[in-house]
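Here are the chains, one letter per residue:
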Amino acid sequence: MAKISGILTDGAGQIINDCTIELYAKKTTSKVLVQTQAFTVAIDGRYSMNVSPCEYDVSLIINGFPKKRLGSISVYSDSLNGTLNDYLTNPIETEVTPEFIKDVIAARNEAKKSADEARGWASTIDPQTLVRYCGDLADTHIGSLGAMSKGIYYQPKNAKAKLELGYPVAEAGSLIVLPTLTEGNQSCVQIYTLYKSGRQFIRNYRGSNTSGFWENWIEQITTANIHEFVPLGDFRLMPFRAGELPFGWYFRNGDNYFLSSPQGQALNRLSDNYKRDHQITIKNINGQQYINVPSAFAPDGRGFFERAVNGTTRQVGSAEGDAIRNIKGGLPTGNFKALLGHAKIETGDKNGAISILSAGDDYVASSSSSTNPRQLRYMFFDFDASRVVPTANENRSLNIGMTPAIYLGV
């Protein structure tokens, strides 16, 4: 007997509630009769059942939905405890055929053969052919290092990193040469990474010994130089949750921004002039390091649309309240302009945004001594735009919610 237990979840990791697991016996054993059914109700997705040795069809019954067959499981007298998923992913007895066992043995032998070949290949490699000292190149132009010079080169000083020797910048780093051999016997890619800043450059050689050319160096975008491509303090509305923003982006809620240790170290690499121009300082609050950005550069962006300013009456970072253009209207007033009508005028009669707010009775006599006055109705109007257009407690256009973010580069 084996204990099968666990928690039922769907593909999104959500717990499946209000369901029943059905085990349908496919054959008769010493303890189980064929075609008998066993049911277990999952509470809050949790299930647990002690299952006797037999082969079963497994189905899931969710309230309000048709029964779904999940597959077959085999339970043996020495089966280990596990989840329903463990049993459903194991091969059943009828699948363990001589052909299946043969395939398993063949796969094992193939894996062993590959491992032996990999060990044999590794034993023939001289590490010195992979890692080389750039100083050994003397004044050799690195453009001469093609596919046949594959390996990793390093240098402890800037002495050999010269522009005239083909380096992208005059700064020490490591050079990787990888053959591609796609466009000639010398086709390769060179990757040069600077030690201090981590900046990385890449270029390709296309061609053979006798005919070919180097492409220009291209700097890769990394966390070491991303602020050169995205301005520090850049505002964006981003389709990420506040806690899931990409590296260097912060939720723009007007607060100070906490820096982890690596971020603090990265910020220290920014020049003093850059920090001064952007009014960026570091604050220590209760022993934690924070970056302090003035509100002019990082206002609270929650619930606001962004609008270009003219730089005179409006400044960057300033908030502006909501407003609409004034709507005016009127009805005739004054002597001989009373709004009167006949008896069928009722409160609530409306046309578009204008409605009769209230109405009442009045009488008009043909003379001051008349005993048979004519009955009329007076009325008052109100205006309500919600009768014809969508309204809310704010003015807004069609929109999709985004997270206001500020780029701080660290």
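Scroll up to find the structure.
Rules and cut-offs
Residues numbered from 1 in each chain as written. Predicted model: local features only at pLDDT ≥ 70, side-chain atom pairs only at ≥ 80, totals over all residues. Heavy atoms only, no water. Pairing = 2+ DSSP bridges. Helix = DSSP H or I, 4+ residues; strand = E, 2+ residues; numbered from the N terminus. Axes fitted to C-alpha atoms, helices over the stretch in contact; angles between N-to-C directions. Phe/Tyr/Trp six-rings, centres within 6.5 Å; stacked < 30°, edge-to-face > 60°. Lys NZ or Arg CZ within 6 Å of the ring centre and 35° of its normal. Salt bridge = Lys/Arg side-chain N within 4 Å of Asp/Glu carboxyl O. Buried < 20%, exposed > 50% of the residue type's maximum accessible area, 1.4 Å probe, protein only.

So, on to the sheet that holds strand β2 (residues 19-25). The strand order across the open sheet built from four strands is β3-β2-β5-β6, with neighbouring strands paired in antiparallel fashion. Single-partner strands in this sheet number two, and they are β3 (37-42) and β6 (68-75). Neighbour to neighbour, the strand axes of the sheet diverge by 25 degrees on average, direction disregarded. Bridge analysis of strand β5 (residues 54-62) against β6 gives seven bridges, and the strand direction is antiparallel. Across the sheet, residue V58 finds its bridge partner in β6, namely G71.

Let's shift gears to the packing of aromatic side chains. How two aromatic rings sit relative to each other is set out by the distance from centre to centre and by the angle between their planes. Tallying each qualifying case throughout the model produces two aromatic pairs. Relative to Y192, the ring of Y167 has its centre 5.3 Å away and its plane inclined at 65 degrees; by these criteria the two rings are edge-to-face. Of the two residues, Y167 is situated in the loop between β8 (151-154) and β9 (173-179) and Y192 in strand β10 (residues 188-194); the sequence distance between them amounts to 25 residues. Between R203 and the ring centre of W214, over which it is positioned, the NZ or CZ distance is 4.1 Å.

For the rest of this paragraph, the subject is the pairing of strand β11 (residues 200-207). Looking along a regular strand, one sees the side chains alternate between the two faces of the sheet. Examined bridge by bridge, β10 and β11 share six bridges and lie antiparallel to one another. Across the sheet, Y192 pairs through a bridge with F201, a residue of β11. Relative to strand β13 (residues 218-219), β11 is paired through two bridges, and the arrangement is antiparallel. Across the sheet, the residue bridging to I202 is I218, located in β13.

Under the criterion given, the structure shown has eight salt bridges. For K112, the salt bridge is made with D116, and the minimal N-O distance between the two is 3.2 Å. In this pair, K112 and D116 are both assigned in helix α2 (residues 98-123), four residues apart and thus about one turn of the helix distant. Given a relative accessible area of 34%, D116 falls into the partly exposed group. Between D116 and R119 there is a salt bridge, with its nearest N and O atoms 2.3 Å apart. Remark: R119 and D116 occur in helix α2; sequence separation between them is three residues, near one turn of the helix. Taking relative accessible area as the criterion, R119 reaches 53% and is therefore assigned exposed. Via salt bridges that share partners, K26, E55, D57 and R69 belong to a single interconnected network.

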